[in-house]
Amino acid sequence: MTTPTTDELLNRYLDGDLDPGTARSLEERLEREPALRRELDELAAVRRLVGNLATETAPPRLDHLADPLRLGPPPHPLRPVLRALATAAVLVIGAGVILETVRRETPAPAPPPAVVGTPSPVPHAAAGAGPAGVPTPREELLGAVEHLMATPPPPPPLPEPPILEPVGPLPVAPESASGGPPRAPRISGTRAPAPRASRGTPAGAILEVSGTRWTLPAAPVECTTADPVFLRVTVDASGRILRAVRLPGAPGREPVFRALEGRVLAGLPAGTHDAVLTCPAAAHRPEE
Amino acid sequence: METPGSHCDALSAPWHTREVAPSFDEVYARLRDPVWRLCRRFTRDTEEALDACQEIFLRVWRGLPAFRGEAKVETWVFQVAWNHLRTREAGRRRRPRAVEPRAGERGSVPLDVRDPRPGPERRAAAREELHRVECALARLPLAQRAVVWLRDGECLSYEEIARVLGVPVGTVRSRLARARAALRKELLP
């Protein structure tokens, strides 16, 4: 226990907080020491000055503000409990919605770690692949929780743009783009046959540029029609497509073919070339 | 030896002795001025004090049905008020201060000061003195200001102050000593 300072003793004496014995000994000191007595008087003056502020009364405006509380019904005793329950319910529903959304957007979460004594009857990776892969609610929850808890893997390195090799000459080369307003190149002769896409495999597309035909490994998203699409592509010295723009009048709606940008057409000289994109029938993405 | 008295010595008996919780109307009627004064000590102007008071009484209104009388109603209401004002002050300190305290606002000295001597000069002098006290109080650290106000302004006991502020009684004693020493230095040089 620490010994109270003289200041503390004086204050406690002033407030009547000292036991009789300590108060008596302090009074003896006060009679002997005028400086201490003076300090006590000043502390009492301070107390009185502060106390004078306690005459202040609240403005009538406060009553107006408090009237709804004073005149209204008292709150229900269970109101805080009900509010807490409502909050908890909202949180639970919200968490459920989030988990369900995450589960639906997750294509195939990794199989959960083996649980000792309770082997999972359904492989998690196969969930959704067929009737046998329908996960149980418990597995769904586990998968969703694992997905949430797992540290997101680092994004895979960006693949190098594919270098496309020419597959053969065009029967008829499109017209040059130099000079005059852009117009769709005339295509004559036999059209390159669209590759048949096998079920479940992205179908490719044929890009014909300056008389050379290139096969794209997958149909670009801009493939919205079975008819040939006339484009104008700008390539750099390495043959990389910098820009691919649909020519006016060509069918389709997308003005810029982003899916073609970045691809390398090996051997193609730098500049702007007219091109024809032929999408396979199986890869058509009808416009909405 | 006679100890100098204060306005606290003239307090009447406790106003509420029933076991059941009082109505909100009773609490408001009894504590509207003390809560207002406490708000004034910890806010910068009248509008802010009104806002704080309204919020405090809303909390009291909500909490009153669950009040079981473990402490005096005043202590509980002051506890509610202190928690709100402290949180409010902490939030204000985190925000950049846009407006400095208005000199005239801080000195909201009541007109009916206890000055028995009539005359406008005396009243003006008393108002000036109260303004000085209010400014000196405002310069105290938050915790010391709370202790000295609850003791000298609202006449709470050391134990009640400790309960309101959630600190040991020894802390109340030491803070009170420091606060009064600082006020003495400033007001009675």
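It should be emphasised that the depicted structure is a prediction, and the values quoted were computed from it without experimental measurement.

### A few points about the overall build of chain A
Step number 1: A tally of regular secondary structure across chain A gives six helices and eight strands.
Step number 2: Put simply, chain A runs from its N terminus to its C terminus through helices and strands in the order α-α-α-α-α-α-β-β-β-β-β-β-β-β.
Step number 3: Counting the 288 residues in chain A, one finds 33% classified as buried.
Step number 4: Long-range pairs, those at least 24 residues apart, make up 62% of the contacts in chain A between residues at least 6 apart in sequence.
Step number 5: Looking at chain A as shown, the accessible area adds up to about 17,300 Å², and 62% of this sits on carbon and sulfur atoms.

### Considerations on the pattern of salt bridges
Step number 1: Counted under the stated rule, the structure contains 27 salt bridges over all chains.
Step number 2: Note that Arg151(B) is salt-bridged to Asp15(A), the shortest N-O span being 3.2 Å. Here Arg151(B) is found in helix H6 (residues 142–153), whereas its partner Asp15(A) is found in the loop between helix H1 (6–14) and helix H2 (20–32) on a different chain. The burial state of Arg151(B) is the same as that of Asp15(A); both residues are buried.
Step number 3: Between Arg44(B) and Glu48(B) there is a salt bridge, and its shortest N-O distance comes to 3.6 Å.
Step number 4: Among the residues examined, Arg44(B) registers a relative accessible area of 16% and is labelled buried.
Step number 5: Of the residues examined, Glu48(B) reaches a relative accessible area of 15% and is grouped as buried.

### Considerations on the packing of H1(A) against H2(A)
Residues and elements named next belong to chain A.
Step number 1: It is at 11 Å that the axes of H1 and H2 come closest, and there the two elements cross at 110°. If you check the angle between H1 and H2, you find them roughly perpendicular. For the pair H1 and H2, the sense of crossing is left-handed. Seen from H1, the contacting residues are Thr6, Leu9, Leu10 and Tyr13; seen from H2, they are Thr22, Ala23, Leu26, Glu27, Arg29 and Leu30.
Step number 2: Of the residues assigned to the contact of H1 with H2, the class counts are six nonpolar, two polar and two charged.

### Concerning the confidence of the model for chain A
All names here are of chain A.
Step number 1: The share of residues in chain A with pLDDT of 70 or more is 57%, and the mean pLDDT across the chain is 71.
Step number 2: Within the model, pLDDT remains below 50 along residues 114–131, and this stretch shows 22 contacts once partners closer than five positions in the same chain are excluded.
Step number 3: Counting interchain partners and residues more than four positions distant, the pLDDT-below-50 stretch residues 168–202 has 54 contacts.

What counts and how
Residues numbered from 1 in each chain as written. Chains lettered and ligands numbered in written order. Predicted model: local features only at pLDDT ≥ 70, side-chain atom pairs only at ≥ 80, totals over all residues. Heavy atoms only, no water. Helix = DSSP H or I, 4+ residues; strand = E, 2+ residues; numbered from the N terminus. Buried < 20%, exposed > 50% of the residue type's maximum accessible area, 1.4 Å probe, protein only. Contact = heavy atoms within 4.5 Å. Areas by Shrake-Rupley, 256 points an atom, 1.4 Å probe, with all protein chains shown as cover. Salt bridge = Lys/Arg side-chain N within 4 Å of Asp/Glu carboxyl O. Axes fitted to C-alpha atoms, helices over the stretch in contact; angles between N-to-C directions. Parallel < 35°, antiparallel > 145°, perpendicular 65-115°, else oblique. Left-handed = near helix turned anticlockwise from the far one by under 90°. Nonpolar A, V, L, I, M, F, W, Y, C, P; charged D, E, K, R; others polar. pLDDT = per-residue confidence, 0-100.

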